[in-house]
Amino acid sequence: MSRFIVGLGAGLVLAAGGGLAGPAAAQSAETFPSRPIKMVVPFAAGGGTDIQARIVAQEVGKVLGQSIIVENRPGAGGNIGAAYVAGAQPDGYTLLVGSTGTHSANQFLYSKLPYDPVKDFTPISVLATFDNVLVVPESSSIRTLKELVDAARKNPGKLNYGVTTIGSSSHLAVEKFKRDAGIEAGAVPYNGAGQATTDLLAGRLDFMLDLVGTQLGNIKAGKVRPIATTASRRNAVLPDVPTIAESGYPGFSAVGWIGLFGPAGMPQQAVDAIYGAIEKVYASPEFQETMRARSFDVAHMPPKEYARFLQNEREKWGAVVRESHIKLD
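Every chain is numbered independently, its residues counted from 1 as its sequence is written. At least 70 in pLDDT is required for a residue's local features to be given in this predicted model, at least 80 for side-chain atom pairs to be given and counted, and no such filter applies to totals for whole chains, interfaces and linings, which use all residues. Each side-chain value is derived from all of the structure's non-hydrogen atoms; neither hydrogens nor water enter the calculation.

## Topic: the overall build of the protein
- Per the secondary structure count, the protein includes 11 helices and 11 strands.
- Looking at the protein as a whole, 57% of its 329 residues are labelled buried. Runs of E in the DSSP output that reach at least two residues are strands. Runs of H or I that reach at least four are helices, and both are numbered from the N terminus. For every residue, the accessible area (1.4 Å probe, protein chains only) is compared with the maximum for its type, and the residue is labelled buried under 20%, exposed over 50%, or partly exposed between those bounds.

Here's what the structure looks like:
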């Protein structure tokens, strides 16, 4: 995987060098990076986004000869970390790994955001898409989605589920499913997947919807039982697990994504350089297989297309939030 991550690292170098402006202009592309690069993950350590960011940081850092520091700034559904990057200098030394929550849903979940998801960022490219898996503790008697729905209907509001990050794709997918199935269940919010998984394994949660990659180890170890996945087609690493659409809810699809952003004001030269590197890396079949092994579907798109994608995502998840009457403040 290292040599493929190297390609992404090279793109970051070119982008940062091309995007220097103002006081930073004295630093040429040849001298970048002259100090550590910060990659902000606006979620807690241990989750799928964090794991992916750390792999990138380690491999790119080796090539650049500089540390790439992954800095977790969790809280408020990703708002804290996103706001931090929104206010950073667009010099290539601060980047954001954004998500469905930070750039699609949070503007509808919160009355006021500390950043503008459109005006305060430069969209570069989506990096990956992914679906989630609904899991129950291995000790649970529930084995199918129908059994889960039946249990929820027999005990209205009694079942509870873990929310790893408020406003995340997994959280909104549960809300969409609850509405489609006509059931009630209590949400238990966490600041990341780690503690939520601990409580699930201990039986303190009835079910949980989480990234396939995050729960894959527990599934293989027999600690949790997968019930259904959220994409329109079955997940490649869980081919025997039906989708929610297959399990009685035709047309159901709830797919999350992560993407790369810089602060607003990055020069077009920097954006083009980064996207060019991503495009080259993602064309490799071996890299694609590496991503899929971690339950991420390879996805990239030119910046202008990415901007249109983001607009469509805001419209889709905004409708889910409004129909579910979710407000976080």
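## Some words on the confidence of the model for the protein
- Scored by pLDDT, the protein comes out at a mean of 83, with 86% of its residues at no less than 70.
- Per-residue confidence from the predictor is given as pLDDT, running between 0 and 100. Contacts are assigned to residue pairs that have any heavy atoms within 4.5 Å of one another. The model gives residues 1–30 a pLDDT under 50, and that stretch makes 52 contacts with residues more than four places away or in other chains.

## Notes on the pattern of salt bridges
- Salt bridge criterion: a side-chain nitrogen from Lys or Arg within 4 Å of a carboxyl oxygen from Asp or Glu. Following the criterion strictly, the structure yields 11 salt bridges and no others.
- The residue K178 makes a salt bridge to E175 at a minimum N-O spacing of 3.6 Å. Here K178 and its partner E175 are both found in helix α6 (residues 169–181), 3 residues apart, which amounts to about one turn of the helix. Each member of the pair K178 and E175 is classed as buried.
- Between R179 and D180 there is a salt bridge whose closest N-O contact spans 3.9 Å.
- Relative accessible area serves as the criterion here: at 33%, R179 is assigned to the partly exposed category.
- What emerges from the salt-bridge pattern is a single network uniting K176, R179, D180 and E323.

## Side note on the sheet that holds strand β7 (residues 186–189)
- Judged by pairing direction, the sheet is mixed, and its 5 strands sit side by side in the order β7-β6-β8-β5-β9 without closing on themselves. Strand pairing shows two members of the sheet lacking a second neighbour, β7 and β9 (224–229), which therefore form its edges. With strand direction ignored, the average angle separating the axes of adjacent strands in the sheet is 30°.
- In the packing of α6 onto the sheet, contacts are made with β5 (132–137), β6 (160–163) and β8 (207–211), and the angle to β8 comes to roughly 135°.
- Angular values range over 0 to 180 degrees, each being the angle between N-to-C directions of two axes fitted as lines to C-alpha atoms, with helices fitted over their stretch in contact. Across the sheet, helix α7 (residues 193–201) lies against β5, β8 and β9, angled at about 145° from β8, the strand it touches most. For two strands to be treated as a pair, DSSP must find no fewer than two bridges joining them.

## Some remarks on the packing of aromatic side chains
- For Phe, Tyr and Trp, where Trp contributes only its six-membered ring, two rings pair if their centres lie within 6.5 Å, and the inter-plane angle classes them as stacked under 30 degrees, edge-to-face over 60, or tilted in between. All told, the structure shown has 9 aromatic pairs when counted by the stated rule.
- Judged by centre distance (5.2 Å) and plane angle (20°), the rings of Y161 and F207 are stacked. A residue pair is termed long-range when its members are at least 10 positions apart, and Y161 in strand β6 and F207 in strand β8 qualify at 46 residues.
- Accessibility expressed as a relative area gives 1% for Y161, which makes it buried.
- Pairwise contacts between aromatic rings join Y115, F121, W257, F261, Y306 and F309 into one cluster.
- The criterion for a charge sitting over a ring is simple: Lys NZ or Arg CZ within 6 Å of the ring centre, and within 35 degrees of the ring normal. Its end group placed over the ring of Y84, R73 keeps NZ or CZ at 3.6 Å from the ring centre.

## Thoughts on the packing of helix α4 (residues 100–109) against helix α11 (residues 303–324)
- At their nearest, the axes of α4 and α11 sit 8 Å apart, and the two run at 45° to each other. On the basis of the axis angle, α4 is oblique to α11. Crossing angle aside, the handedness with which α4 passes α11 is right-handed. Of the residues in α11, those touching α4 at T100, H103, S104, A105, Q107, F108 and L109 are L310, E313, R314, W317, G318, V321 and R322.
- Of the residues assigned to the contact of α4 with α11, the class counts are 6 nonpolar, 5 polar and 3 charged. Just so you know how the angles are binned, under 35 degrees is roughly parallel, over 145 roughly antiparallel, 65 to 115 roughly perpendicular, and the rest oblique. Each crossing gets its hand from how the near helix is turned against the far one by less than a right angle, where anticlockwise is left-handed and clockwise is right-handed. Gly counts as polar in this scheme, as do all residues outside two lists: the nonpolar Ala, Val, Leu, Ile, Met, Phe, Trp, Tyr, Cys and Pro, and the charged Asp, Glu, Lys and Arg.

## Re the packing of α6 against α11
- Running from N to C, α6 and α11 cross one another at 55°; their axes reach a closest spacing of 10 Å. In terms of their interaxial angle, α6 and α11 are classed as oblique. α11 is crossed by α6, and the crossing has left-handed handedness. For the pair α6 and α11, contact is made by L172, A173, E175, K176 and R179 and by W317, V320, V321, E323 and S324, respectively.
- Taken together, the residues of the contact of α6 with α11 sort by class into 5 nonpolar, 1 polar and 4 charged.

## Quick notes on the sheet that holds strand β1 (residues 37–41)
- Spatially, β2-β1-β3-β10-β4-β11 is the arrangement adopted by the 6 strands of the open sheet, whose pairing is mixed. Each edge of the sheet is formed by a strand with only one pairing partner; in this case those strands are β2 (68–72) and β11 (297–298).
- The pairing of strand β4 (residues 121–130) with β11 spans 2 bridges and is classified as antiparallel. Pairing of A128 across the sheet is with V298, part of β11.

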